[in-house]
Amino acid sequence: MTRLGASVRTLDEFFDRLVIVDDVAFIAANEDRTSAAAVREPAVVRFLRDTFDRSWDRAQPFPFVPHHAAKAADEVIPAIRTSIKRLLIEGYPDKQIARRLGISERSLQTHIASMKQELGARNRLQMGYLLGRNSTTFVL
């Protein structure tokens, strides 16, 4: 795509599909994203365009993946875990965290289990306490 002139960026948080053509925005109309709704209200389209622009500004240039796929995890996992920590501290349930990050709930639970082990926590309550207490791990 980039060879044809497209600009591509990536966020460490899931951004749902959004297509804006002229003054019409298309967003997912159902949970499994198999149909779209056309939004023509100017104020809503303006809001969606602004939301996209803000997310674009926060996103990183793509591609960020190293030459070897095995090394990609070293770059990607810390960013994912930082987002997981932030969303856990903000009180989001697992299902919403997984959806926002674009990963499965099973993958999320694997990350959380690894984070608990790294912190030496025996359960999620203790992990939350340690995350909140350890300012070098995460700063709000």
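Since the structure is predicted, the reported quantities are computational estimates derived from the model, not experimental observations.

Rules used in this analysis
Residues numbered from 1 in each chain as written. Predicted model: local features only at pLDDT ≥ 70, side-chain atom pairs only at ≥ 80, totals over all residues. Heavy atoms only, no water. 1 Å grid on protein atoms, 1.4 Å probe; cavity = no way out; pocket = protein on both sides within 12 Å on 5 of 7 lines; lining within 4 Å. Points joined across faces, edges and corners; volume = space filled by probe spheres on them. Helix = DSSP H or I, 4+ residues; strand = E, 2+ residues; numbered from the N terminus. Nonpolar A, V, L, I, M, F, W, Y, C, P; charged D, E, K, R; others polar. Salt bridge = Lys/Arg side-chain N within 4 Å of Asp/Glu carboxyl O. Buried < 20%, exposed > 50% of the residue type's maximum accessible area, 1.4 Å probe, protein only.

Novice: Teacher, can you tell me more about the layout of surface pockets here?
Specialist: Unoccupied space between atoms shows up once a probe the size of one water molecule is rolled over them. The space that makes up the second largest pocket amounts to roughly 150 Å³. Considering the residues around the second largest pocket, the lining is formed by Leu 11, Glu 13, Phe 14, Phe 15, Asp 16, Ser 55, Arg 58, Arg 99 and Arg 100. Those elements giving two or more residues to the lining of the second largest pocket turn out to be helix 1 (42-58) and helix 3 (94-101). Of the residues assigned to the lining of the second largest pocket, the class counts are three nonpolar, one polar and five charged.

Novice: Is there a simple way to think about the pattern of salt bridges in this case?
Specialist: A pair can form between side chains of opposite charge whenever their charged atoms are brought close. For the coordinates displayed, the defined rule picks out four salt bridges. Glu 118 is the salt-bridge partner of Arg 81, the closest N and O atoms lying 3.0 Å from each other. Here Glu 118 lies in helix 4 (residues 105-119) and Arg 81 lies in helix 2 (residues 69-89), a separation of 37 residues in the sequence. The shortest N-O distance in the salt bridge between Glu 90 and Arg 86 comes to 3.8 Å. According to the relative accessible area criterion, Glu 90 is partly exposed, its value standing at 44%.

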